[in-house]
Amino acid sequence: MEDLGTVPWPPAPIRTDRLVLRASEARDRPAFVELLSSPEVHTYLGGPRPRAELERELPEVPERWPGSFVVDLGGAMIGQVLLRRATGHRRPAAAGKADLGYLFLPRAWGSGYAAEACAAALGWLADALPGEPVVLTTQSANAGSMRLAARLGFTEVERFEAWEAEQWLGMRPPRTPSG
């Protein structure tokens, strides 16, 4: 995966009714450690990274690159939305397209924050790269991600086996800029 290239970064913070999407800051590092080491978060992602390894290896300001948004609720990071270029994707239908990913701390699950944040990030992408289709891959066993994909307008392209599990690949057609 690669970043989105020449998009202006970081953008002005994106505000929704409840959230702010912004570039990462040094104050987010503990939340990134928690997010990346959480067994619950990584149930369908191959497992968490060891906390001690993350503490040693994460830079002072983690994940600061075009397309990586911190999801902030009331001044605290609750998750991350990622938009990357799927240059090395295993599936030809996804190769080279923008790829949506997201991770949220378990305490933020079930409140609609992922849908709100992903919709805002996709709106930003439509403005930054008009006409860009977006793909999303998740394990088909991940019921929450499957519901979110449908809610965001992704439709199934194919299912395939990878990492010893069935994977779902969906695509969202290009959207026009918001404004």
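Read on for a plain summary of the structure. Given the structure is predicted, the values throughout are model-derived calculations rather than measurements. (Residues numbered from 1 in each chain as written. Predicted model: local features only at pLDDT ≥ 70, side-chain atom pairs only at ≥ 80, totals over all residues. Heavy atoms only, no water.)

The next thing to look at is the overall build of the protein chain. On a plain count of helices and strands, the protein chain comes out with 4 helices and 8 strands. For 179 residues, the compact-globule estimate of 2.2 N^0.38 gives 16 Å, and the protein chain sits close to it at 16 Å. Judged by the C-alpha coordinates and their principal axes, the protein chain covers about 40 × 35 × 30 Å. Sorting the 179 residues of the protein chain into buried and exposed places 47% on the buried side. A separation of at least 24 residues holds for 63% of the contacts in the protein chain among residues at least 6 apart in sequence. Carbon and sulfur atoms make up 52% of the accessible area of the protein chain, which amounts to about 8800 Å² in all. Of the charged side chains in the protein chain, 20 are positive and 22 negative; the average position of the first set lies 3 Å away from that of the second. (Helix = DSSP H or I, 4+ residues; strand = E, 2+ residues; numbered from the N terminus. Rg over C-alpha atoms; globule rule 2.2 N^0.38 Å. Buried < 20%, exposed > 50% of the residue type's maximum accessible area, 1.4 Å probe, protein only. Contact = heavy atoms within 4.5 Å. Areas by Shrake-Rupley, 256 points an atom, 1.4 Å probe, with all protein chains shown as cover. Lys, Arg positive; Asp, Glu negative; His and termini not counted. Charge placed at Lys NZ, Arg CZ, Asp CG, Glu CD.)

Per the stated rule, a full pass over the model turns up 14 salt bridges. Of the charged contacts in the structure, one is a salt bridge between Glu116 and Arg18, with a shortest N-O distance of 2.7 Å. Taken together, the residues span a long stretch of sequence, with Glu116 in helix 3 (residues 113-128) and Arg18 in the loop between strand 1 (14-15) and strand 2 (20-22) at a distance of 98 residues. One salt bridge in this structure joins Arg159 and Glu166, with 3.1 Å as the shortest N-O distance. Residues joined in a network through salt bridges with shared partners are Arg22, Glu25, Arg27, Asp28 and Asp72. (Salt bridge = Lys/Arg side-chain N within 4 Å of Asp/Glu carboxyl O.)

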